[in-house]
Amino acid sequence: MSRFEAQPVVAVLGPTNTGKTHLAIERMCGHSSGMIGFPLRLLAREVYDRVVAIKGKDSVALITGEEKILPPKARWFLCTAESMPLDREFGFVALDEAQIGSDPERGHVFTDRLLRARGRDETMILGSDMMRPMVRALVPEAEIISRPRFSTLSYAGATKLSRLPPRSAIVAFSAEEVYAVAEMLRRMRGGAAVVMGALSPRTRNAQVAMFQAGEVDYLVATDAIGMGLNMDVSHVAFASLRKFDGRRARRLTISEMAQIAGRAGRHQRDGTFGTLSLEGTHGARLEDEEIDAIEQHQFTAIDHLYWRMGAPSLNSVDQLIADLERRPDKQVLRAAPQAIDLAVLKRLADEEWVRERTKGPAMVGRLWAACGLPDFRKTGPEPHGRLVSRVFRHLSEGNGHLPVSWFADELARLDSVQGDVETLADRIAGVRTWAYIAHRADWLPDADKWAGRTRELEEKLSDALHQRLTQRFVDRRTSVLMRDLGARGADILPVKVAEDGVVTVDGEAIGRLIGFRFKADHLARHGDMKRLMAAAERRLGTELGNRARALAGDEDKTFSLATDAGRPVAIFWRGDVVARLEKGRTLLTPRIRLHRALDTLAVADRAAIEARLALWLEGRIMRELQPLARYFDAARDPACPARLRAVLSPLAEAGGIIPRRTIASAIDSLDREARSRAGRLDVKIGTLDVYAPTLLKPEPTRWRLALFAAAEDQPMPDLPVPGAVSMSTPMDIVACEAMTRAGYRPLGAQMLRVDLVERLARIAHDSRDGRTAYAPDPGLATSLGLHGGSFAQLMLALGFRSAPGAAIEGWVWRGKKPPRKVAGPRPGNAFGALAELWQGDAAR
């Protein structure tokens, strides 16, 4: 290193992968103070972290447009080229990627630093060997040192996406291309990390960390990776060879291709480059001369750099513009194209109010500083100029600060982690604008507080963006399966089932075992589902067998009848479906069909499950529907009188509730003994219906409707509200039939439970006096929720007719003889009798 001490300016030139940046860091840390200017905020942040590890946080500063970490005793500064503080003295100063001076958009900044940034003891210029003529012409005192590439870079040809080798970086030149390639990699190879210049350092670092850790084998990036970002890449594939440079779409120069391709290989490990052959297209194609130049690191030397005065006069706006538009006086320099800061300055200079407020150097400098606000959102000179105009208006009036309320409102508007990748990236660009403002010390009161607030918000949005990118472009399940299926085969994959049912393959969750059903992760796409199912099913046989034996020996309380409206009636075990009910020999003996998830079980296991479910089902039916079971048994018993069997058989087939008129002849033939026996069997022979009172309770009703649904191969209907005595008549015929089976009699627009119908029939007949018209207690209908029309339908069904012309307006019995008298409530206590009935319902 002695030759470095011989010259105050040293130019270290060479291709990528030569360790130039590492050399600059070593040299800077050997001085009492130092500064390095970088082309990217991302790279400045990366090197800042490395220097902090050497010197400690209190001694190292980071200065970029949107981020400033400036400890009071900082001596080593890592900056973007635009943010280098040239008014401070440093023992060592370096400029990285000096060849960017030939870039029309930013080149003038790098040329100015090349000419003016100097260290007290040592200055280092880092860049491509193409810069050799420019260094000789502009810094003739510099000693030029060539650095050879440590490893070989060779051309590997065009490769299909499906055959890309692991540790590959695919380079595209628009967000749309990056996203498209990343999505294809997600489907085919499990995903990719994404790196673009627009990402915040936090997001970019999180994405690169995934790639470096081997969580994904592929990286999709823009040409930002060509600017010194250090990653373990073995192969670089160009998805395209054309880019939009801000003015036009053009083919990459050979030097740009080499800068990007040079990311392949690390230190002394060789790397390869090539193009990406996308299915259905010819893809990009490198020419032979381009390949030779990249492999041999032989490029056309740069013959000019772009220049703009770096320290223009601030005496007046006109003088400032004149200096910024001044032509260079050196042959190798060209006037820089008009940048957005100058375009905005010239626009504002035409405003009369701006002229009035820029009378001295201080305010001209303040205007120029405002124009330097970067257009992070790429809105263009006109929209961006309006924002700058508002900023300068506040900076040039009152106390010279931006209103805190405006600043806070703008941050609040951006403070949301909802939205897709593009939305979050746009919000981060917006936060960068306000972060830049917050880091101007004299633009805001309590600037440090707001700088911290913008940093917190950017980190919050960056974490959300990393999560969205990972969700969108990384499928860890497929990545694991593709890696392990290829390396070991599906039969020896380590598949585990946790206590909560989560199934993992090689530690990566791929789904959940719910009962006997394997449910693949819902985030997996259709194309991945087959792989997940194949990996799981081959290894879950033992677990399913254990579960089958556990079911066969389990307690009754672990089983339940699932009667969700609109779905088939099913049997659940410990919260998940194991079988469905289908039509059997009778209503009370449905057939049990095991769920298809149990098809993979051994025959013996399936038989044991069927026997256990049948035993449980029979027990529950006997418990919930005991009267109905007695009806079926008595209807088949030869010892039961034929007249009674004529009543019980249709009553059983109807589920324990049937209109009296349907079996009127059979009822009329019953003698006193048969009626008594029917009563002991819980048969209620009412005025309009024959039914079993205990079957009207909520749980027996649910079971009866479920068995009817299974017998008729229909989904489960809606159940009546427990305890409801009346309801609106359903418009749907099927639903109306279900409510009738549940025990409700249609009365026009409303339905009334049959036991209440019978109680009202008793009250009505006990209250009448022969054929004299009478008016029923109005509280009866109201208390039952019956409207006038429905109550009239009930009275007609009970054998009354309306008598509007009678002495007492009301109803007249029209039958030939009154029905048989039964013990019941007295007419004066009809409402009380109903109250007693409802209290009984509540008790049930």
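Check the entry above for the structure.
Residues numbered from 1 in each chain as written. Predicted model: local features only at pLDDT ≥ 70, side-chain atom pairs only at ≥ 80, totals over all residues. Heavy atoms only, no water.

Mapped onto the elements of the fold, phenylalanine 708 is located in helix 26 (residues 698–711). Sequence separation between phenylalanine 708 and leucine 587 is 121 residues; the distance between their C-alpha atoms is 6.8 Å. For phenylalanine 708, the contacting residues outside a window of four places in its chain are Leu587, Glu653, Ala654, Gly655 and Arg741. (Helix = DSSP H or I, 4+ residues; strand = E, 2+ residues; numbered from the N terminus. Contact = heavy atoms within 4.5 Å.)

With that settled, the discussion passes to the side chain of aspartate 112. By the secondary structure assignment, aspartate 112 is in helix 4 (residues 107–116). Non-local contacts of aspartate 112, meaning those with residues more than four positions away in its chain, are made with Leu86, Ala117 and Gly310.

Evaluation of the coordinates by the stated rule reveals eleven aromatic pairs. For the pair tryptophan 406 and tryptophan 434, a centre-to-centre distance of 5.1 Å together with 90° between the ring planes defines the contact as edge-to-face. Placement of the pair is tryptophan 406 in helix 15 (residues 404–414) and tryptophan 434 in helix 16 (residues 421–438), with a sequence separation of 28 residues. Across the ring face of phenylalanine 211, the terminal group of arginine 167 is positioned such that the distance to the ring centre comes to 3.8 Å. (Phe/Tyr/Trp six-rings, centres within 6.5 Å; stacked < 30°, edge-to-face > 60°. Lys NZ or Arg CZ within 6 Å of the ring centre and 35° of its normal.)

So, on to the sheet that holds strand 4 (residues 68–69). The eight strands lie next to each other as 4-3-5-2-6-7-1-8, forming an open sheet whose pairing is mixed. Among the strands making up the open sheet, the edge pair consists of strand 4 and strand 8 (143–146). Judged from the four bridges that link them, strand 1 (residues 9–13) and strand 8 form a sheet pairing that is parallel. Residue valine 12 lies in a different strand from strand 8, and its bridge partner there is isoleucine 145. Lying on the sheet, helix 2 (residues 20–29) is in contact with strand 1, strand 2 (34–38), strand 5 (76–80), strand 6 (92–95) and strand 7 (122–127); it crosses strand 7 at an angle near 170°. Packing against the sheet, helix 3 (residues 41–55) makes contact with strand 2, strand 3 (60–63), strand 4 and strand 5, and its axis sits at approximately 170° to strand 5. (Pairing = 2+ DSSP bridges. Axes fitted to C-alpha atoms, helices over the stretch in contact; angles between N-to-C directions.)

This brings us to unusual backbone geometry. The phi dihedral of arginine 167 is positive, around 65°, even though this residue is not glycine. Following the sequence through the fold, arginine 167 ends up in the loop between strand 9 (153–160) and strand 10 (168–171). Even without glycine at this site, histidine 297 takes up a positive phi of about 55°.

The next point concerns helix 27 (residues 733–742). The set of residues buried in helix 27 consists of Cys736, Ala738, Met739, Arg741 and Ala742. Contacts from the buried residues of helix 27 go to strand 27 (657–659), helix 26, strand 30 (726–728), strand 31 (744–747) and strand 32 (750–753). Looking at where helix 27 begins, the residue whose side-chain oxygen comes 3.2 Å from the main-chain nitrogen of valine 734 is aspartate 732. Trailing helix 27 by a residue or two, glycine 743 shows a phi angle of about 115°, which is positive. (Buried < 20%, exposed > 50% of the residue type's maximum accessible area, 1.4 Å probe, protein only. Polar contact = N/O pair within 3.5 Å; in protein donor to acceptor, adjacent residues only side chain to side chain.)

The subject of this paragraph is the sheet that holds strand 24 (residues 570–573). With antiparallel pairing, the four strands of this open sheet are ordered in space as 23-24-25-26. One side of each edge strand has no neighbouring strand; the edge strands of this open sheet are strand 23 (559–562) and strand 26 (591–594). Strand-to-strand, the axes of this sheet are offset by a mean angle of 30°, without reference to chain direction. Where strand 24 meets strand 25 (residues 576–582), four bridges bridge the pair, whose relative direction is antiparallel. By the bridge assignment, phenylalanine 572 is partnered in strand 25 with valine 577. Along the sheet, helix 21 (residues 603–624) makes contact with strand 23, strand 24, strand 25 and strand 26, crossing strand 26 at roughly 140°.

Turning next to the nonpolar core. If you look at the biggest cluster of nonpolar residues, it comprises 72 residues, and the most contacted ones within it are Phe516, Ile571, Leu581, Ile609, Leu613, Tyr631 and Val683. Among the elements that line this core, the one with the most residues is helix 26, at seven residues. Beyond its immediate chain neighbours, meaning those up to four positions away, isoleucine 571 contacts Ser560, Leu561, Asp576, Val577, Val578, Ala579, Leu581, Ile592, Leu613 and Trp616. Counting 64 residues, the second largest nonpolar core, distinct from the first, contains Ile321, Phe376, Ala447 and Phe473. (Core = buried A, V, L, I, M, F, W, Y, C linked by side-chain atoms within 4.5 Å.)

Moving on: the pattern of salt bridges. According to the stated counting rule, one finds 52 salt bridges in the structure shown. Linking glutamate 459 and arginine 202 is a salt bridge whose minimum nitrogen-to-oxygen distance equals 3.9 Å. Of this pair, glutamate 459 sits in helix 17 (residues 447–473) while arginine 202 sits in helix 7 (residues 201–212), and the two are 257 residues apart along the sequence. Since its relative accessible area comes to 31%, glutamate 459 is described here as partly exposed. Across the pair lysine 346 and glutamate 325 runs a salt bridge, and its minimum N-O distance is 2.8 Å. (Salt bridge = Lys/Arg side-chain N within 4 Å of Asp/Glu carboxyl O.)

This paragraph deals with the side chain of arginine 432. Locating arginine 432 in the fold gives a position in helix 16. Using a relative accessible area of 15% as the deciding quantity, one classes arginine 432 as buried. For arginine 432, the residues in contact, after removing those within four places along its chain, are Arg41, Glu66, Gly197, Ala198, Phe376 and Glu458.

With respect to the helices and strands, the residue arginine 677 is situated in helix 25 (residues 672–680). Given the relative accessible area of 28%, arginine 677 is considered partly exposed. Separated by 33 residues in the primary sequence, arginine 677 and leucine 644 place their C-alpha atoms 8.5 Å from one another.

Another point: the packing of helix 15 against helix 17. At their nearest, the axes of helix 15 and helix 17 sit 11 Å apart, and the two run at 10° to each other. Relative to helix 17, the element helix 15 lies roughly parallel. Along the contact surface, helix 15 presents Val404, Phe407, Ala408, Leu411 and Leu414, while helix 17 presents Trp450, Arg453, Thr454, Leu457 and Leu461. Grouping the constituent residues of the contact of helix 15 with helix 17 by class yields eight nonpolar, one polar and one charged. (Parallel < 35°, antiparallel > 145°, perpendicular 65-115°, else oblique. Nonpolar A, V, L, I, M, F, W, Y, C, P; charged D, E, K, R; others polar.)

Attention now moves to the pairing of strand 31. In this structure, strand 31 lies alongside strand 32, joined through four bridges in antiparallel fashion. By the bridge assignment for strand 32, leucine 747 is matched with glutamine 750. In this antiparallel pair of consecutive strands, strand 31 and strand 32, the connection spans two residues, and glycine 748 shows a positive phi of 70°.

Attention now goes to the packing of helix 26 against helix 27. Helix packing for two helices is described by the angle between their axes and how far apart those axes are. Following both chains from N to C, one finds helix 26 and helix 27 inclined at 135°, their axes separated by 9 Å at the closest point. Relative to helix 27, the element helix 26 lies oblique. The two elements helix 26 and helix 27 meet at a crossing, and its hand is right-handed. Along its contact with helix 26, which presents Thr701, Arg704, Leu705 and Phe708, the element helix 27 presents Ala738, Arg741 and Ala742. Considering only residue class, the contact of helix 26 with helix 27 consists of four nonpolar, one polar and two charged. (Left-handed = near helix turned anticlockwise from the far one by under 90°.)

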